[in-house]
Amino acid sequence: MSLFPAYGDGGLNCQPNIVNTPAQQLATAENAVNIEANWKSNHSYECPAEVAMPSFNASAGSECDSETESSSRSPSPAEIQNAPVQRTLEFDNTVEFYVDKTPNKAQRELGTLPRLSRPQYKVNQRRLADPKQAPRHRLKKGAKKGSRHLKMVVPGVDHALSEEESTQIMQRIKTLKTLVAKEPQQLNNWIELHHLLDHNLTKTNRLAVAEHQLHMLETALQELPGNEKLLQLYVATLSATYPDSEVATQIERLLERHPFEYTLWTALIMTTQGTMARCNVPDVLNIYEQCMRRMNLGQKDTDTNMDTVTDADTDTDDLMLKLFHNCVLFLRQSANCERMFALLKLALELNTQHLSFDCFVARAEVERPLVEYEELVLRSGMPMPEIWTRIERLRQAFNFLPYPELRGPIEEAANAGLDPQRFIYTEDVCRYIYPLKSKDNQLHLMLLAVQLTKLPFVRTNSLADRLSARIDQIGDSEAVEMLLASLSDRHSYLLPLNGSSDHYTEAMLQLAKELYVSPTFMPHFIGNELYEQCLSQLLLKCSEAFSDNPNDEPKRRVFILLWFRFERLRLLLLKLSGKLTDGYVRDARQRQRQLLRLEANRCVTRFYTELGMFEYEALSSDLRVFDKIMNMPADVNDVDLLHANVVYAEMLFAREQYKQAQHILSCLAVQQSPKNSIDPVELESAIRENTRHLCEALRAANEEAAVATEAMPLESYFMPNTLLLLLRVQALLLCMSGRSVEALEMINNNLNHGIFAYVDHLETSKTKIKMERTRCRFMREQLRELQLVVMQLPLVSSSQVFSPRDGRNQLVSMLEQSLLESPRNLAMLHRWSTLSSLPWYKLRGQLVHTKAGILALLHMVIAARCRFIHQIKSKSKKSSAIDEVFSEDVQQEHLENCVRNRVLSMFETFLPTNQYRSKEKAEQYAILRRNSLFWRCYLRCLSNERTSFERSKACLLMALDECPWDKALYMDGVTYVPQEVGNLQDVMTEKQLRIYAIPEELNVLREA
């Protein structure tokens, strides 16, 4: 029987529950074919062209009464006109019924639904992080009610101005033009005029409005040359108005008048480096060549009629170092490692005398294991994209150093099987660095070189500002290893590395393991030993550069100190990953003791303290080095000895040996040796004596900061400070005597006075003494770290003075203020991301508000993972009713999805596709969009077994459009969008990014 009687016999000849014989079935089939052949002559299925829909507003009773009447009459023209258009049935006589595969969208309109079935949309709901809405007032009786479906006001979109507002703005523009003509030195008037012109009240062409703004900004720059705000406004307006080629032309024209502006050079570089259509490694290096040559010339060939000329010559070392940092960073991100290390080698040798940095030259004997690893990968039988990815990363981990300079032709070496791209000569990189004009900047150059090799030593915000201040213009470092600086340089030993509920280190190492790029010293990848040896030799070579001059002894100690910290970092990484062996500890101790046997290092107490820290991390119970240091006579004025005593007391305090720690600090306050003192020192007398030393050191520090005119020397960021050490001694003594509240009050009082005060112009309200900015910021940041430690001490936490809730509120309030002052301080970011009781929206909102760049974003991801680990471990300890219903794997998968959705939501709130993002998030995205870590982390979190390739591809294309020069993005694209591997390899070749393994070569090797 057919589903529709009009298409068959209607079932008249069929009898139920009777099975026909085969002959009968054959006759029935022939009869059915004859009937269906003439189905068009059957008119029973015909219907009108348009069918009227029943009225949903009529009552049920009236429908029943008029049922017979409506069946006998035809629909009225009004009903036919209001009825939705019916789709024609698309089928033929070969099917017995019609399958409706596409829905009729006409039935989805609100007019076709019953009144009670229509959905009600609430548009007045907002997210927790959005600004508060204005209160909604009740309508007066008789007032006209507005539409139910309101339009939400989208932030960031210009709305229509009223006539009165337009008149006021027009009048204000006329007033400002008069003011800037009379008083052109007032910066605020120029900025306000620029923003008001953007309203386009005359309804002219947007290009004309932008050109008017640019003309006003150029006029302002003539009156205020070198103003950073005006330059940033000029570059932003120029980029939004013209294409990149025209932007580059306009900036080059402006650079002829202002040749020493870092903002303009950075904008010119990003017009090529940051554009997918124009990005090319040789083209970007050509711009760096131009700016470096201009910095080397200085003002020697500058026209005397130029606005910016004030002296016969200009010291451009600071600007040259910033551009050098960006150039090396670009080479590292584009995987041109050989050229990068050749450039670092040339830069260091140009500014040091009679010293060769042969640690940046390849050696054949250490690269031999690479062939065995490649054969294992080629024989594995994996797909070709995976084979290419693994071999590419292996070669990048082993072949990152250039070959020694070859005297013969390169063709002979290439025929011998050597890679011709690893032959980098001096003339290939000499145009990107020149000798510094001042020897005082030599330490700055070496620290930049060490930082660019991914060695993590920047833990404080004050040091980060000195080495890499302009993260919003060219992007921050993409090396995830910078998170590990808190492991090698612990700000205090009073607290354990991992607390009872603190899973920060575990989450941080997991994130670093996922996002690192070879070459690296991380012990999770093959070939890390080769890179570790290179970094160790580099630090020792840098220390030799300052061994000739006795006045440079503090600078020499900086690199020896960094070498000890690197040894401790390697130890902790192996210990936390479960790969530490007794043989490695023995060899590492032997290396450090051999360095201490040198004549220059034999009498430096600070180096022995570093050795004691290494043995404490390795063995936890071995404090023999500190026991030997305690035999020396105590002296508060000896800062190295003072530092050793404080560190030893903190270690004893962490092991709950409070009496021994109190004895060491008390003897130090009264200047007695802890080993030779017979009678115990009273605690109160030690506090009084230490207070006297503290007042003297505080007065000396204030006088030094008031007299200083230059910035704080870079070596002072690594050396211990007497004032800060005495403050730590005083705080610990007060806490041990049960006076924790007094210790916190002492710290708060110091934060408001003298060198520790936080004022924009750094001028006290009483004494009117101006203090040097960098010293005050460094001292205040260190005191904030001490305040953080004291608030977490077990003696303070168990005190009855504060309730747990009050203590938590004080800690949160202190961290909020500290993150605003020092947004890139790793200790503050660490503690803030582990506040498990703080609501997520508050934790995330504060990190966005700090504008710390990629560090803030990585700590958001770490915070989400810390909470996930905490939930997993708490579930394993407690059982609930949910455990009886769902298995452990199901619950863990649910928690993983929750964390993934939370992180994805966090990433997507920054993107321009979010029409409701706030101004702070837009500013944060302007910093993050040029950093490949942002996109790599987003792509990794987005791509899982449930995500379509199209969505991952869209994310990859957006990332490549923002960072087209970063090879790590292309490598992740091969992993998560494998169907585009050929196109990605072609783009890498077009951009001239470094490719170590040619796909055609691997095909030949695999077949062989």
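Every residue gets a number counted from 1 within its own chain, in the order that chain's sequence is written. Side-chain atom pairs in this predicted model are given and counted only at pLDDT of 80 or more, local residue features only at pLDDT of at least 70, and totals for whole chains, interfaces and linings cover all residues. Side-chain metrics rest on all non-hydrogen atoms present in the structure, leaving aside hydrogens and water.

### Side note on the environment of N748
In step 1: By definition, any uninterrupted DSSP run of H or I lasting at least four residues is a helix, any uninterrupted run of E lasting at least two residues is a strand, and each is numbered from the N terminus. Residue placement: N748 occurs in helix α32 (residues 740-751).
In step 2: Along the chain, N748 and L783 lie 35 residues apart, while their C-alpha atoms are 9.4 Å from each other.

### Considering unusual backbone geometry
Peptide bonds are trans in most cases, and residues, glycine excluded, mostly fall at negative phi.
In step 1: With an omega of 0°, the peptide bond between S518 and P519 qualifies as cis.
In step 2: If you trace the backbone, P519 turns up in the loop between α22 (504-515) and α23 (528-544).
In step 3: Not every positive phi belongs to a glycine, and A335 is a case in point at roughly 70°.
In step 4: Along the chain, A335 falls in the loop between α12 (317-333) and α13 (337-350).
In step 5: Summary of the burial criterion: residues with accessible area below 20% of their type's maximum are buried, those above 50% are exposed, and those between are partly exposed, where the area comes from a 1.4 Å probe applied to protein chains only. Residue classification places A335 among the buried residues on the basis of a relative accessible area of 1%.
In step 6: You will see that H354, though not glycine, has its phi angle at about 55°, which is positive.
In step 7: If you trace the backbone, H354 turns up in the loop between α13 and α14 (369-378).

### Here we look at the side chain of E980
In step 1: Mapping E980 onto the fold places it in the loop between α44 (967-976) and α45 (981-990).
In step 2: Within the local environment of E980, its side chain forms a polar contact with the side chain of N983, the two groups lying 2.6 Å apart. Contacts described as polar in this section are N or O atom pairs within 3.5 Å, which, within protein, must combine one atom able to donate a hydrogen with one able to accept it, while residues neighboring in sequence count only if both atoms come from side chains.

### Here we look at helix α8 (residues 228-241)
In step 1: The end-to-end C-alpha distance of α8 is 20 Å, a good match for the 20 Å that 14 residues give at a rise of 1.5 Å each.
In step 2: Those residues of α8 not exposed but buried are L230, L231, L233, Y234, V235, T237 and L238.
In step 3: As for α8, its buried residues are in contact with α6 (187-197), α7 (206-223), α9 (244-255) and α10 (262-273).
In step 4: Between the side-chain oxygen of the N-cap and the backbone nitrogen of K229 there are 3.2 Å, and the N-cap of α8 in question is N227. By definition here, a helix of n residues has an expected span of 1.5 Å times n minus one. In what follows, a contact means two residues having at least one pair of non-hydrogen atoms within 4.5 Å.

### Quick word on the packing of helix α24 (residues 553-576) against helix α25 (residues 582-596)
In step 1: Here, axes are lines fitted to C-alpha atoms. For helices the fit covers the stretch in contact, and angles between N-to-C directions go from 0 to 180 degrees. The N-to-C vectors of α24 and α25 enclose an angle of 175°; their axes lie 11 Å apart at closest approach. On the basis of the axis angle, α24 is roughly antiparallel to α25. Across the interface between the two elements, I560, W563, F564, E567, R570, L571 and L574 from α24 touch Y584, V585, A588, R591, Q592, L595 and L596 from α25. Working definition: roughly parallel below 35 degrees, roughly antiparallel above 145 degrees, roughly perpendicular at 65 to 115 degrees, and oblique for all remaining angles.

### So, the nonpolar core
In step 1: Among the nonpolar cores identified, the biggest contains 281 residues, and L447, F559 and F934 are the most heavily contacted of them.
In step 2: At 13 residues, helix α38 (residues 854-877) tops the list of elements feeding residues into this core.
In step 3: With sequence-adjacent residues up to four places away left out, L447 is seen in contact with F457, L467, V558, F559, L562, L714 and F718.
In step 4: Here, nonpolar core means buried Ala, Val, Leu, Ile, Met, Phe, Trp, Tyr and Cys residues that are tied together by side-chain atoms lying within 4.5 Å of each other. L571, V585, F614 and A618 belong to the second-largest nonpolar core, a separate cluster that totals 7 residues.

### As for the environment of R606
In step 1: Summarising the element assignment, R606 is placed in helix α26 (residues 605-619).
In step 2: The spatial distance from the C-alpha of R606 to the C-alpha of P720 is 9.2 Å, given a sequence separation of 114 residues.
In step 3: Among all residues touching R606, those that are not within four sequence positions of it are L561, R565, D640, H643, F718, M719 and P720.

### As for the confidence of the model for the chain
Detailed reading of the predicted coordinates is not advisable wherever pLDDT falls low.
In step 1: Averaged over the chain, the pLDDT score is 81; the fraction of residues at 70 or greater is 78%.
In step 2: Contacts of residues 7-19 to residues separated by more than four positions or lying in other chains number 10 contacts, the stretch itself having pLDDT below 50.
In step 3: Across the chain, each position has a pLDDT score giving the predictor's confidence in that residue, from 0 to 100. Below pLDDT 50 for its whole length, residues 761-768 participates in 12 contacts with residues either more than four positions away or in separate chains.

### Quick notes on the pattern of salt bridges
In step 1: Think of a salt bridge as a Lys or Arg side-chain nitrogen and an Asp or Glu carboxyl oxygen that are within 4 Å of each other. All told, the structure shown has 48 salt bridges when counted by the stated rule.
In step 2: Taking the shortest distance from any N to any O, the salt bridge between E567 and R591 comes out at 2.8 Å. Within this pair, whereas E567 is found in helix α24, its partner R591 is found in helix α25, the two being separated by 24 residues in sequence.
In step 3: Residue R591 is classed as partly exposed on the basis of its relative accessible area of 29%.
In step 4: When salt bridges with common partners are traced through the structure, they connect R459, D489, R565 and E785 into a single cluster.

### Thoughts on the state of the cysteines
In step 1: Here, the term disulfide refers to a pair of cysteine sulfur atoms separated by no more than 2.5 Å. Throughout the structure, instances matching the rule amount to 0 disulfides.
In step 2: Unpaired in this structure, C279 has its nearest cysteine sulfur neighbour in C963, at a distance of 9.9 Å.
In step 3: A disulfide-free cysteine, C291 has its sulfur positioned 7.6 Å from the sulfur of C327, the nearest such atom.
In step 4: Overall, C291 belongs to the buried group, its relative accessible area being 0%.

### Side note on the packing of helix α18 (residues 442-452) against α24
In step 1: Viewed as axis vectors pointing N to C, α18 and α24 meet at an angle of 10°, and their least axial separation amounts to 11 Å. With respect to α24, the element α18 is oriented roughly parallel. Listed contacts from α24 to L443, M446, L447 and V450 of α18 are K555, V558, F559 and L562.
In step 2: We call Asp, Glu, Lys and Arg charged. Ala, Val, Leu, Ile, Met, Phe, Trp, Tyr, Cys and Pro are nonpolar, and the rest, Gly among them, are polar. Here the residues of the contact of α18 with α24 sort into 7 nonpolar, no polar and 1 charged.

### Focus on the packing of aromatic side chains
In step 1: Working definition: a ring pair exists when centres of Phe, Tyr or Trp rings (six-membered ring for Trp) sit within 6.5 Å. Plane angles under 30 degrees give stacked, over 60 give edge-to-face, the rest tilted. By the definition in use, this model includes 20 aromatic pairs.
In step 2: A centroid spacing of 5.4 Å and a plane angle of 20° characterise the contact between F907 and Y938, whose relative ring orientation is stacked. With a gap of 31 residues between them, F907 in helix α40 (residues 888-910) and Y938 in helix α42 (residues 932-942) connect regions that are remote in the sequence.
In step 3: Measuring from ring centre to ring centre gives 4.9 Å for F934 and W935, while their planes differ by 80°; the resulting arrangement is edge-to-face. Both residues of the pair, F934 and W935, belong to the buried class.
In step 4: Members of the aromatic cluster, each reached through a chain of ring pairs, are F907, Y925, F934, W935 and Y938.
In step 5: If you follow K322 out to its NZ or CZ, it ends over the ring of Y262, 5.7 Å from the centre. Charge-over-ring placement is defined geometrically: NZ (Lys) or CZ (Arg) within 6 Å of the ring centre, and within 35 degrees of the ring normal.

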